[in-house]
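# Per-entry structural report
So you can see what is in the structure, the chains are spelled out below.
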Amino acid sequence: AKSTGRNAARLFLPHMQRDADARLELERGLRTALEQQDFSLYFQPQVDMHGMLVGAEALLRWNHARLGQVSPAVFIPIAEETGLIHAIGAWVIECACRHIRQWREQDIDFGGRISINISPWQIAHPQFASNLAEQVAAAGIEPSTLTLELTESALLGDFDAALRTLQQLSAIGFRLALDDFGTGYSSLAYLQQLPLDELKIDRTFIGALQATIADPLASFVIDVGRRLGMATIAEGVETAEQEAVLRELGCDLMQGYFICRPLAADDFRQWVGQRAS
Ligand code: C2E
Ligand code: CA
Ligand code: CA
Ligand code: CA
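As named in an unreviewed UniProt entry, the protein chain is PAS/PAC and GAF sensor-containing diguanylate cyclase/phosphodiesterase, taken from Rhodanobacter spathiphylli B39.

Here you go:
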């Protein structure tokens, strides 16, 4: 079987050419997307267990002229490999700040906090914390308005450098969340060293929750967060049963289709307005 595998790897099949072409088109598209304003941010509400809005997660959307909507799960890895993630990441921050300012000026109560996804490559950039501080100051926004969502992979390279950056960010006043918690290779030991405000429990644990059956892993993860003094937030909450179990387990915050799908900025503003009235 091994030799077949090796032979198969040498073949260049038609679909491989198509994959390579598609990737190249995406890569080219990404390079021009910033200039052509093909990106936008969607916002998914985050609520506490009383249903009170506490903020929203900003999710990047790319509308490609020919291909239509391309998932960030597809284009973020390409942006990371090509180094475009730095420019795209800066755009995400700028765009989020612009919306926050607008909502403030229009007296729209968006909950007070916007979460932004930060790539490990951004954390690894030596000027990330100072650039971000400047960007936010220029936009006239309090750092505590922004929650930076990081994944454990941000710590896989130079751990000490990443830790220093996180400490800097935290000292400036940004909130820090660990995203997709429970899916990485994390040892619990490092969790205590990180200045985290929030643990985000990955969707895979939430999907496993059924009425009256509390998944032991979900329960464990919420407990870890509570004991370390962090807020716990469940992502991907899709059913009333999941919400009920999460409440029983003492989870602090929720986000998911059960509450609301990610919305374009205008729709998010409307959603907020309708709830307030
Ligand atoms: P993530 O940070 O784990 O984001 C949560 C994903 O789950 C989002 O997918 C969201 O639309 C989806 N989702 C929300 N509620 C539910 C639910 O109830 N059920 C299900 N099945 N899914 C739900 P999306 O927007 O396609 O983003 C995918 C990933 O792309 C994100 O995963 C994040 O890792 C990355 N991403 C998105 N925006 C950015 C960004 O601005 N910068 C970076 N670096 N990465 C981003
Ligand atoms: Ca996230
Ligand atoms: Ca997540
Ligand atoms: Ca996830």
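Once you've had a look at it, read on.
This next bit is on the packing of helix 6 (residues 128–138) against helix 7 (residues 159–172). Contact geometry of helix 6 with helix 7 gives a least axis separation of 9 Å together with a crossing angle of 20 degrees. For the element pair helix 6 / helix 7, the angle class is roughly parallel. Handedness of the crossing formed by helix 6 with helix 7: right-handed. Contacts from Phe 128, Ala 129, Leu 132 and Ala 133 of helix 6 reach helix 7 at Thr 165, Gln 168, Leu 169 and Ile 172. In terms of residue class, the contact of helix 6 with helix 7 is built from six nonpolar, two polar and no charged.

This part is about the packing of helix 2 (residues 14–36) against helix 3 (residues 72–82). The angle between the axes and the distance between the axes are what describe a pair of packed helices. Interaxial distance between helix 2 and helix 3 falls to 10 Å at its minimum, and their mutual angle equals 75 degrees. The angle between helix 2 and helix 3 places the two elements in the roughly perpendicular class. For the pair helix 2 and helix 3, contact is made by Arg 23, Leu 26, Glu 27, Leu 30 and Arg 31 and by Val 74, Phe 75, Ile 78, Ala 79, Glu 81 and Thr 82, respectively.

Bound to the calcium ion (ligand 3) are the protein donor atoms Asp 179 (OD), Asp 180 (OD), Glu 235 (OE) and Glu 235 (OE), situated 2.1 to 2.9 Å from the metal. Each donor residue of the calcium ion (ligand 3) lies on one chain, and together they are spaced D-D-x54-E. In this structure, the calcium ion (ligand 3) is positioned 3.7 Å from the calcium ion (ligand 2), and both are ligated by Asp 179. A residue pair is termed long-range when its members are at least 10 positions apart, and Asp 180 in strand 6 (residues 175–181) and Glu 235 in the loop between strand 8 (231–234) and helix 11 (240–249) qualify at 55 residues. For Glu 235, a relative accessible area of 11% puts it in the buried group.

Here the focus is the site of ligand 1. Surrounding ligand 1, one finds 20 residues, the nearest of these being Gln 44, Arg 61, Arg 203, Glu 238 and Tyr 257. Contacts to ligand 1 include Glu 57, whose side-chain N or O atom sits 3.3 Å from an oxygen atom. For ligand 1, whose unbound accessible area comes to 800 Å², protein coverage reaches 83%. Mapping ligand 1 onto the cavity grids shows that it belongs to the largest pocket. Element by element, the count of residues in the shell around ligand 1 is highest for strand 2 (residues 53–64), at four residues. Taken together, the residues that form the shell around ligand 1 break down as eight nonpolar, five polar and seven charged.

Reading the values: the criteria
- Residues numbered from 1 in each chain as written.
- Chains lettered and ligands numbered in written order.
- Predicted model: local features only at pLDDT ≥ 70, side-chain atom pairs only at ≥ 80, totals over all residues.
- Heavy atoms only, no water.
- Axes fitted to C-alpha atoms, helices over the stretch in contact; angles between N-to-C directions.
- Helix = DSSP H or I, 4+ residues; strand = E, 2+ residues; numbered from the N terminus.
- Parallel < 35°, antiparallel > 145°, perpendicular 65-115°, else oblique.
- Left-handed = near helix turned anticlockwise from the far one by under 90°.
- Contact = heavy atoms within 4.5 Å.
- Nonpolar A, V, L, I, M, F, W, Y, C, P; charged D, E, K, R; others polar.
- Donors = N, O, S within 2.8 Å, 3.2 Å for Na, K, Ca; no water.
- Buried < 20%, exposed > 50% of the residue type's maximum accessible area, 1.4 Å probe, protein only.
- Near = heavy atom within 4 Å.
- Polar contact = N/O pair within 3.5 Å; in protein donor to acceptor, adjacent residues only side chain to side chain.
- Areas by Shrake-Rupley, 256 points an atom, 1.4 Å probe, with all protein chains shown as cover.
- 1 Å grid on protein atoms, 1.4 Å probe; cavity = no way out; pocket = protein on both sides within 12 Å on 5 of 7 lines; lining within 4 Å.
- Sits in = over half its atoms within 2 Å of the grid points.

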